[in-house]
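# Structural characterization, general
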Amino acid sequence: QVQLVESGGGLVQPGGSLTLSCVASGSFSSLNAMSWYRQTPGKQRELVATFTVGATTNYADSVKGRFTISRGNAKNTVFLQMSSLKPEDTAVYYCNLFLPGSPARQYWGQGTQVTVSS
């Protein structure tokens, strides 16, 4: 059984910064890809950033240069550092863990709300 818990969301002014965290627990290897997604009501959930099993990072074009994904020393923790925030960044942000296999599995946190507004 795997559980993911996000935290760090809140209200921030345009141009401000915010850092999200996600802690995963359960029976799995720490060497798995972890990602951040976001979703606004009425829109499809979109991939924001990924920390790959090869310890590389990938970002959506809309957040490149502004967001940074990283892994904590505990290895079951992932962070999303957000800066130069825009109103269009407002969404519920979800942590994702991908476990390869047959069948492959994905696990999601409950999400944390980020609101960018003046």
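So, here's what we can say about the structure. (Residues numbered from 1 in each chain as written. Predicted model: local features only at pLDDT ≥ 70, side-chain atom pairs only at ≥ 80, totals over all residues. Heavy atoms only, no water.)

Moving on, we come to the overall build of the protein. Along the backbone of the protein there are 0 helices and 11 strands. Counting from the amino terminus, the protein carries its helices and strands in the arrangement β-β-β-β-β-β-β-β-β-β-β. Relative to the globule expectation of 13 Å for 118 residues, the C-alpha radius of gyration of the protein, 14 Å, shows essentially globular dimensions. Projected onto the principal axes, the alpha-carbon positions of the protein cover approximately 45 × 30 × 25 Å. Across the 118 residues of the protein, 40% fall into the buried class. The contacts in the protein between residues at least 6 apart in sequence include a share of 52% that link residues at least 24 apart. As displayed, the protein offers around 6,500 Å² of accessible surface, 49% of which is attributable to carbon and sulfur atoms. (Helix = DSSP H or I, 4+ residues; strand = E, 2+ residues; numbered from the N terminus. Rg over C-alpha atoms; globule rule 2.2 N^0.38 Å. Buried < 20%, exposed > 50% of the residue type's maximum accessible area, 1.4 Å probe, protein only. Contact = heavy atoms within 4.5 Å. Areas by Shrake-Rupley, 256 points an atom, 1.4 Å probe, with all protein chains shown as cover.)

Now for the pattern of salt bridges. If you walk through the whole model with that rule in mind, you get 4 salt bridges. Here D89 and R38 are joined by a salt bridge, their closest N and O atoms 3.0 Å apart. Note that D89 is positioned in the loop between β8 (77-82) and β9 (91-99) and R38 in strand β4 (residues 34-39), a separation of 51 residues in sequence. As far as burial versus exposure is concerned, D89 and R38 are alike and both buried. Where D61 meets K64, a salt bridge forms, and the shortest distance between an N and an O atom there is 3.1 Å. For D61, a relative accessible area of 65% translates into the label exposed. Each of the salt bridges in this network shares a partner with another, and the network as a whole consists of R38, E46, R66 and D89. (Salt bridge = Lys/Arg side-chain N within 4 Å of Asp/Glu carboxyl O.)

This next bit is on the packing of aromatic side chains. Enumeration over the complete set of coordinates arrives at 1 aromatic pair. Pairing Y37 with W108 gives two aromatic rings, centres 4.8 Å apart and planes at 65°, and the pair type is edge-to-face. Linking Y37 in strand β4 with W108 in strand β10 (residues 105-108), this pair joins segments that are 71 residues apart in sequence. A cation over a ring is seen here: R45 above W108, with NZ or CZ 4.7 Å from the ring centre. (Phe/Tyr/Trp six-rings, centres within 6.5 Å; stacked < 30°, edge-to-face > 60°. Lys NZ or Arg CZ within 6 Å of the ring centre and 35° of its normal.)

Turning to the pairing of strand β3 (residues 18-26), a few remarks are in order. Here strand β1 (residues 2-7) pairs with β3 via 6 bridges, running antiparallel. The residue bridging L4 from the neighbouring strand is A24, located in β3. Examined bridge by bridge, β3 and β8 share 6 bridges and lie antiparallel to one another. Note that in β8 the partner of L20 across the bridge is L80. (Pairing = 2+ DSSP bridges.)

No statement about biological role is implied by the geometric values presented.
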